[in-house]
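Here is what each chain is made of, one letter per residue.
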Protein chains: 2
Amino acid sequence: MNGAESVLRTLAQSGVEVCFANPGTSEMHLVAAMDRVPSVRGVLTLFEGVASAAADGYARMAEIPAATMLHLGPGFGNAFANVHNAYKGRTPMVNLVGDHAVAHKPLGAPLASDIEGIVRPASHWVRTAPDARSAAPLTAEAVAAARGGGVATLILPADAGWDESLGPAAPRPVEARPPVTEGAIDAAARALKSGRGALLLGGPTTREPGLRAAARIAAATGAEVFHDTFTPRLERGGSRPRARLLPYIIELALEALRGLDHLVVVGSQPPVGFFAYPGLPSRLADPGTQITVLAGPEEDSVGALEALADVLGGTVPEVAPLERVALPASGALDLQTLPAVIGALLPDDAIVVDEAITASVFIQEATRGAGEHDYLYLTGGAIGWGLPAAAGAAVGAPGRPVVCLEADGSAMYTIQALWTMAREGLDVTTIIVANRSYAILEFEFQRVGASGDGAAAHALMDIGRPELDFTAMARSMGVPARRVDDVPGLASAFREAIAEPGPHLIEAVMA
Amino acid sequence: MNGAESVLRTLAQSGVEVCFANPGTSEMHLVAAMDRVPSVRGVLTLFEGVASAAADGYARMAEIPAATMLHLGPGFGNAFANVHNAYKGRTPMVNLVGDHAVAHKPLGAPLASDIEGIVRPASHWVRTAPDARSAAPLTAEAVAAARGGGVATLILPADAGWDESLGPAAPRPVEARPPVTEGAIDAAARALKSGRGALLLGGPTTREPGLRAAARIAAATGAEVFHDTFTPRLERGGSRPRARLLPYIIELALEALRGLDHLVVVGSQPPVGFFAYPGLPSRLADPGTQITVLAGPEEDSVGALEALADVLGGTVPEVAPLERVALPASGALDLQTLPAVIGALLPDDAIVVDEAITASVFIQEATRGAGEHDYLYLTGGAIGWGLPAAAGAAVGAPGRPVVCLEADGSAMYTIQALWTMAREGLDVTTIIVANRSYAILEFEFQRVGASGDGAAAHALMDIGRPELDFTAMARSMGVPARRVDDVPGLASAFREAIAEPGPHLIEAVMA
């Protein structure tokens, strides 16, 4: 058995079921081994940034890591932005990056590069297999590292693939996230019992067990419960316990956290602004607020929350479902009506992938009264994540409707994801919020104190010339598409797309 | 004057005229300054990999570096593959990468990352501006470093843009590439006078002055003249002195170099295979061939060639133009007819950008008899370079027709380049060689000794399901397009596209 097959078999034995791939010559032995290891499903992408975001979306839903298959340093470069998003969100992910054969690497061939160098800024675990015999054991280590909550990148020289191996390696035990100390729990309890307090939830705490524990803590102490602006996966809707979104806009975030005596952070870090702005603080909590980190991202944050709830003795309150927003009767599409249509029609059990950027906060608000659903946020701020993450989420949670809310500017970074949706018949409804500009930049332009609104500056934020036709683009990659510009059009297109299996794209032209 | 304006003014004073941009919030002050520094033209791209390849194509033709404007680590990640290509080809390029404000950076915001880490594997020069006062002097250094022949990357924290500067910095002197020693010239002369010898040209030596010197050397010594498989810019056609392409296919490369007593390398490195193959050598020259490096990539290779020619005393021979290939009368499109149509109809003074992959060698052969033209190769092996490099070449050489020969698989990595072509009205004719597969991988699969041709393996090399419609895709981004599947169709579409200004795309469906 060659090294490549030993790697794939080790992946399979370690529980990895899917590999999002964009291979090249140095990965051909891995490709060849796919037929001998059918329990690992290969999903082809046309661009590596699709593979990495798909692996991110997949693992957030499937709760097991996917592998990616990437071609040398430039292949990882193409994947980098979405690996960064996974890195920041601590999504489990195993990147297999091919390299030249060991003896060939130092000779300066065109594709030779310092792969470890480019990989390291976005990987929690990095190794290069020195030969075929070590490839499988390192694969087992990589999967265990990823399952522990992070990005593991294994660089596989071509001859580590084609030389003879020792066969697959047994799965390695996954190190559970360490529990926090009793002292940390006591400190958080004392903080929340003295004065006005709040919890800030991040990482794995925004799913039902964590939210339930947080609700108990809130019931016992009166603490308000916030969640990170960009949390990997928020379980919300229906009668689920709720947490309040910490706003993206820094003035609103400062306002939300104003006057707290204590802020207890769980599964996250003390809150900071997405960007710095001249004259505004970077740290979002008041200088007078005492911040207590109950559990950082590397600790067992859900366990810590539950232990804290036990100490405080609160019970889970009944949560009455919110009323769904009403479907507007008519009108053009704007930041009120488009979110309302989505909120009114969002199917139960949906997976929402949100990269709608300037429309996001309105959609987040309008979908609060929908039935139970998962909401996936952009954890690392690198745009071009939404479409492929939606594709990956659909692979990771078959049978559930995926709704991808995507800004037109962001969509164009990884538009190739549509082809993978069509190829795999994935049940993703993509709504392109088409405002024909990098509207977030027009918004941020003044806020960072930039002055002058001349033609040259605004040309760099205007993507409406020429106009992008997302319906033609989607069809060119095999995805049925409709363009709509009013409420009835969007409602009818959304209903139809949800009702019919497979991918659909709706270009929602904003007024 | 803030730091951002001082940076742009320094670029302008140092001779930089174009900035290919994909900005974000941290670059807003640079964007704002564009109106105050109109001599730097901003060209918007929808994806950073378009910006970096465009800067590469631009500088190869304009002979001055372009700047790129990129958004933090993930923005550079998206640009990485095509920065790598520039790095390997030593194209002058100045990357301006925004970062968080200095005090904000260590706080762990979503977009914070180790930018220097990801930049370094593809940059000859890397610096981070510590503040606004140092931004302009570092910009001048970056331009000088790029003009010296390489990729310079300057990281600009947001507050280095918005804080007050000391104004623009004066241009820094460019260090000329050092001349080679007389000893090196004598050694090369001795080598070529003793036994069967050949020259291998790379880097800047494949333009007319270098080719002329090489022709003199060949006339004096009988040496054969090769050029690198992937040289940045080959001036060829008409009555220009010719060099023989060192083949990509390793068996052919080994055959071409077989039996040489001496190989003199100029502006390049001793030849190695693009990939390693089991049982085949990585080094392409015979073990018995003595390799003499007359000038490495960092030395004055053209000057060295001319000095060698003077020592050897050869004169430039008359070069009779080759006969143009005939336009085939009819037939389906295949690896004979498609190249013949291009060779027969290639306009004089064209700039050919070749990322046709499996079709490349046939097109390279079929265009040898065309009139004078420049031929740009993929220097770093990272695909997704062709379309945006063609856009950049058109910006860098206005008035010249650009012909982009692009494989369907490779096209999809940076398809967003079409939009920039339409937006800027660039005179680029793109021919998509549509064989509906990663044909190079099907070709390489057996060659690396991979076995098994099962469905799962081949699925990862088949991009024909669903079929990509490049005409719809091009039109969706504002580029007129036609699909053709036979010789008359391609000939007529090619003639029309060349005759009409602005971008055109021809999807050439291979039989």
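Residues numbered from 1 in each chain as written. Chains lettered and ligands numbered in written order. Predicted model: local features only at pLDDT ≥ 70, side-chain atom pairs only at ≥ 80, totals over all residues.

Caption draft 1: How the structure looks around the overall build of chain A. Of the regular secondary structure elements, chain A holds 20 helices and 18 strands. Its C-alpha radius of gyration of 23 Å places chain A within 12% of the 24 Å reference for a compact globule of 511 residues. C-alpha extents for chain A along the principal axes are approximately 65 × 60 × 45 Å. The buried share among the 511 residues of chain A stands at 65%. Nonlocal contacts in chain A, meaning residues at least 24 apart in sequence, comprise 81% of its contacts between residues at least 6 apart. (Helix = DSSP H or I, 4+ residues; strand = E, 2+ residues; numbered from the N terminus. Rg over C-alpha atoms; globule rule 2.2 N^0.38 Å. Buried ≥ 20, exposed ≤ 12 C-beta atoms within 10 Å, placed from the backbone. Contact = placed C-beta atoms within 7 Å.)

Caption draft 2: Geometry of the interface of chain A and chain B. Taken together, the contact between chain A and chain B spans 87 residues of the former and 87 residues of the latter. With eight residues, the single largest contributor to the side of chain A that touches chain B is helix H4 (residues 72-89) of chain A. Taken together, the residues of the side of chain A that touches chain B break down into 50 nonpolar, 27 polar and ten charged. (Nonpolar A, V, L, I, M, F, W, Y, C, P; charged D, E, K, R; others polar.)

Caption draft 3: Layout of unusual backbone geometry. That bond from Arg465(A) to Pro466(A) is cis: its omega, -5°, falls within 30 degrees of zero. Turning to its location among the elements, Pro466(A) is positioned in the loop between helix H18 (455-459) and helix H19 (470-476). You will see that Ile357(A), though not glycine, has its phi angle at about 55°, which is positive. Mapping Ile357(A) onto the fold places it in the loop between strand S13 (351-355) and helix H13 (360-366). If you check the backbone angles, Leu72(B) has positive phi at about 55° while not being a glycine. Looking at where Leu72(B) falls in the secondary structure, it is placed in helix H4 (residues 72-89). Looking at Leu72(B), the number of C-beta atoms within 10 Å reads 28, which means it is buried.

Caption draft 4: Broad picture of the sheet that holds strand S7 (residues 197-201) of chain B. Residue and element names in this part refer to chain B. Taken in spatial order, the five strands line up as S10-S8-S7-S11-S12 in an open sheet, and their pairing is parallel. The two strands at the open ends of the sheet, each matched to only one other strand, are strand S10 (244-245) and strand S12 (290-295). Pairing between strand S11 (residues 262-266) and S12: five bridges, direction parallel. Pairing of valine 265 across the sheet is with valine 293, part of S12. Lying on the sheet, helix H8 (residues 182-193) is in contact with S7, S11 and S12; it crosses S12 at an angle near 140°. In the packing of helix H11 (residues 301-312) onto the sheet, contacts are made with S11 and S12, and the angle to S12 comes to roughly 110°. (Pairing = 2+ DSSP bridges. Axes fitted to C-alpha atoms, helices over the stretch in contact; angles between N-to-C directions.)

Caption draft 5: Looking closely at the pairing of S11(B). All names here are of chain B. With five of five residues buried, S11 lies mostly within the body of the structure. Across the two faces of S11 the burial is the same, with His262, Val264 and Val266 and Leu263 and Val265 all buried. By the bridge criterion, five bridges tie S7 to S11 in an arrangement that is parallel. The residue of S11 that forms the bridge with alanine 198 is leucine 263.

Caption draft 6: Representation of the domain arrangement of chain A within the structure. All names here are of chain A. Along its sequence, chain A is organised into domain 1 (3-162), domain 2 (182-312) and domain 3 (337-509). One C-alpha centre belongs to domain 2, the other to domain 3, and the line joining them spans 29 Å. On the side of domain 3, 16 residues touch domain 2, which itself brings 15 residues to the contact. No other element matches strand S9 (residues 234-236), which puts three residues into the side of domain 2 that touches domain 3. Class assignment for the residues of the side of domain 2 that touches domain 3 results in eight nonpolar, three polar and four charged. (Domains from an automatic or database assignment.)

Caption draft 7: Representation of the relation of the copies chain A and chain B within the structure. Between chain A and chain B, which share one sequence, the superposing operator has a rotation angle of 180° and an axial displacement of 0.0 Å; the RMSD is 0.0 Å. Both copies are brought into coincidence by an operation consistent with a two-fold rotation axis. Looking at chain A, 100% of its interface residues are interface residues in chain B too, so the copies touch through the same face. (Least-squares fit on C-alpha atoms with pLDDT ≥ 70 in both.)

Caption draft 8: Broad picture of the sheet that holds strand S7 (residues 197-201) of chain A. Residues and elements named next belong to chain A. On the basis of which strands lie adjacent, the open sheet formed by five strands has the order S10-S8-S7-S11-S12 and parallel pairing. The outermost strands of the open sheet, each flanked by one partner alone, are strand S10 (244-245) and strand S12 (290-295). Lying on the sheet, helix H11 (residues 301-312) is in contact with strand S11 (262-266) and S12; it crosses S12 at an angle near 110°.

Caption draft 9: Examining the environment of Ala66(B) more closely. All names here are of chain B. Turning to its location among the elements, alanine 66 is positioned in strand S3 (residues 66-71). Given 31 C-beta atoms within 10 Å, alanine 66 falls into the buried group. When the C-alpha positions of alanine 66 and alanine 55 are compared, they lie 5.3 Å apart, and in sequence the two are eleven residues distant. Beyond its immediate sequence surroundings of up to four residues, alanine 66 is in contact with Val16, Val18, Cys19, Phe20, Ala55, Tyr58, Ala59 and Met93.

Caption draft 10: Region of the structure containing the environment of Gly237(B). All names here are of chain B. As for its placement among the helices and strands, glycine 237 is situated in the loop between strand S9 (234-236) and S10. Spatially, the C-alpha atoms of glycine 237 and serine 268 are 23 Å apart, while their sequence positions differ by 31 residues. Setting aside anything within four residues of it in sequence, one finds glycine 237 in contact with Ala370, Gly371, Glu372 and His373.

Caption draft 11: Spotlight on helix H8 (residues 182-193) of chain A. Residues and elements named next belong to chain A. An ideal rise of 1.5 Å per residue puts 16 Å on twelve residues; H8 measures up with 16 Å between its terminal C-alpha atoms. Where H8 is concerned, the buried positions are Ala184, Ile185, Ala188, Ala189, Ala191 and Leu192. Relative to the axis of H8, the buried residues are bounded by an arc of 160° and lie together on one face. Turned more than 90 degrees away from the buried face of H8, the exposed residues are Glu182, Gly183, Asp186 and Arg190. Residues of H8 that are buried in the fold lie against S7, helix H9 (208-221), S11, S12 and H11. Glycine 195 lies just past H8 and shows a positive phi near 85°. (Expected span 1.5 Å × (residues − 1). Arc of directions from axis to C-beta.)

Caption draft 12: Summary view of the packing of helix H14 (residues 386-396) of chain A against helix H16 (residues 417-424) of chain A. Residues and elements named next belong to chain A. Direction vectors running N to C along H14 and H16 enclose 20°, while the axes themselves pass 8 Å from each other. Judged by the inter-axis angle, H14 sits roughly parallel to H16. You can see that H14 and H16 cross each other, and the crossing is left-handed. Contacts between H14 and H16 involve Leu387, Pro388, Ala391 and Val395 from the former and Ala417, Leu418, Thr420, Met421 and Glu424 from the latter. (Parallel < 35°, antiparallel > 145°, perpendicular 65-115°, else oblique. Left-handed = near helix turned anticlockwise from the far one by under 90°.)

Caption draft 13: Local environment of the packing of helix H3 (residues 48-62) of chain A against H14(A). All names here are of chain A. Running from N to C, H3 and H14 point in directions that differ by 45°, and their axes come no closer than 6 Å. Put simply, H3 runs oblique to H14. Seen along the crossing, H3 lies across H14 with a hand that is right-handed. Contact residues: H3 offers Gly49, Val50, Ala53, Ala54, Ala55, Asp56, Gly57, Tyr58, Ala59, Arg60, Met61 and Ala62, while H14 offers Pro388, Ala389, Ala390, Ala391, Gly392, Ala393, Val395 and Gly396. The residue makeup of the contact of H3 with H14, split by class, is 14 nonpolar, four polar and two charged.

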